[in-house]
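Remarks on the overall topology
Residue-level listing of the chains:
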Amino acid sequence: MVSVDFNADVGESFGIYSLGRDEELLAYVSSANVACGFHAGDPATMRRTVRAALERGVAVGAHPGLPDLVGFGRRSMDLTPGEAYDLTVYQIGALWAFVKAEGGNLRHVKPHGALYNMAATDFRLAEAIARAVYDVDPRLILFALSGSELARAGERMGLRVAHEVFADRTYQSDGTLTPRRSAGALIEDPVLASRQVLRMIREGKVRSVDGTEVPIRADTVCLHGDSPRAAEFAREIRRELELAGVSVRPPGG
């Protein structure tokens, strides 16, 4: 049977500010990427989110981002490889502690937002992030954009890499995601999102915004948790995967 991981970014509230519908999302996904306090999240939110995921049998991963609460970690920064290494280790360690305190095991690491996109094309940043994950725990799975520099860096480092595809984003002809500020970057119809996901899994291809057929590897499918319709998307995608006979489970699960 064909299987795939279905992940979502969660734990992105901060203090009195609430973002996303984590409780609903956790009912449909198999892996949760929990914000670690730099781009979003705070200690109490991290603890609650980790507990909720573990109670539902959802695999927990660290979601380290750039130190940019105002920009939600989606603005690029002039970052050295050493800085990327340090902030990745720091955030993995913070979330690992909460997972450990709740009696669970940290399963994976997925960089967030601009850090993720920068590492997808920047060899030096990709190497630094992969090294950070390996040095903390070589058993951790690295989630990386399918075919990206980060995926290649993780594989060279000896990490298990889950090549990631996106349900709610469109693609460029080079396999990168369409920048959020560009028209057509987001897929706003859950039916279209489900179709894209199934094609990536079944055929290993995605159609870019200019019509190019891009080869892609789908080990894990991401849905962004901050979308107003995230729960609706998650429900539709999970339903279509099950109807298509695709088993949903965490990498290695």
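This text follows the structure it describes.
Residues numbered from 1 in each chain as written. Predicted model: local features only at pLDDT ≥ 70, side-chain atom pairs only at ≥ 80, totals over all residues. Heavy atoms only, no water.

**What to know about the overall build of the protein chain**
Check the secondary structure of the protein chain and you find eight helices and ten strands. Against the globule reference of 18 Å for 253 residues, the protein chain gives a C-alpha radius of gyration of 16 Å, in line with a compact fold. With respect to the principal axes defined by its C-alpha atoms, the protein chain has extents near 40 × 35 × 35 Å. The buried share among the 253 residues of the protein chain stands at 55%. Here the contacts in the protein chain between residues at least 6 apart in sequence split such that 72% fall between residues at least 24 apart. Summed over all atoms, the accessible surface of the protein chain reaches about 11,100 Å², with 51% contributed by carbon and sulfur. Here the protein chain holds 30 positive side-chain charges and 33 negative ones, and the gap between their average locations is 3 Å. (Helix = DSSP H or I, 4+ residues; strand = E, 2+ residues; numbered from the N terminus. Rg over C-alpha atoms; globule rule 2.2 N^0.38 Å. Buried < 20%, exposed > 50% of the residue type's maximum accessible area, 1.4 Å probe, protein only. Contact = heavy atoms within 4.5 Å. Areas by Shrake-Rupley, 256 points an atom, 1.4 Å probe, with all protein chains shown as cover. Lys, Arg positive; Asp, Glu negative; His and termini not counted. Charge placed at Lys NZ, Arg CZ, Asp CG, Glu CD.)

**Thoughts on the state of the cysteines**
Under the counting rule described, the total for this entry stands at zero disulfides. C36 takes part in no disulfide bond, and the closest cysteine sulfur to it belongs to C222, at a distance of 15 Å. (Disulfide = S-S within 2.5 Å.)

**Comments concerning the environment of V10**
Counting through the fold element by element, V10 comes out in strand β1 (residues 3–10). Among the residues examined, V10 registers a relative accessible area of 1% and is labelled buried. The spatial distance from the C-alpha of V10 to the C-alpha of L223 is 9.9 Å, given a sequence separation of 213 residues. When residues no more than four places from it in sequence are discounted, the contact partners of V10 are D22, L25, A32, N33, V34, A35 and T49.

**Some words on the environment of V214**
Considering the arrangement of structural elements, one finds V214 in strand β8 (residues 213–215). With a relative accessible area of 7%, V214 lands in the buried category. Along the primary structure V214 and G175 are separated by 39 residues, whereas in three dimensions their C-alpha atoms are 6.3 Å apart.

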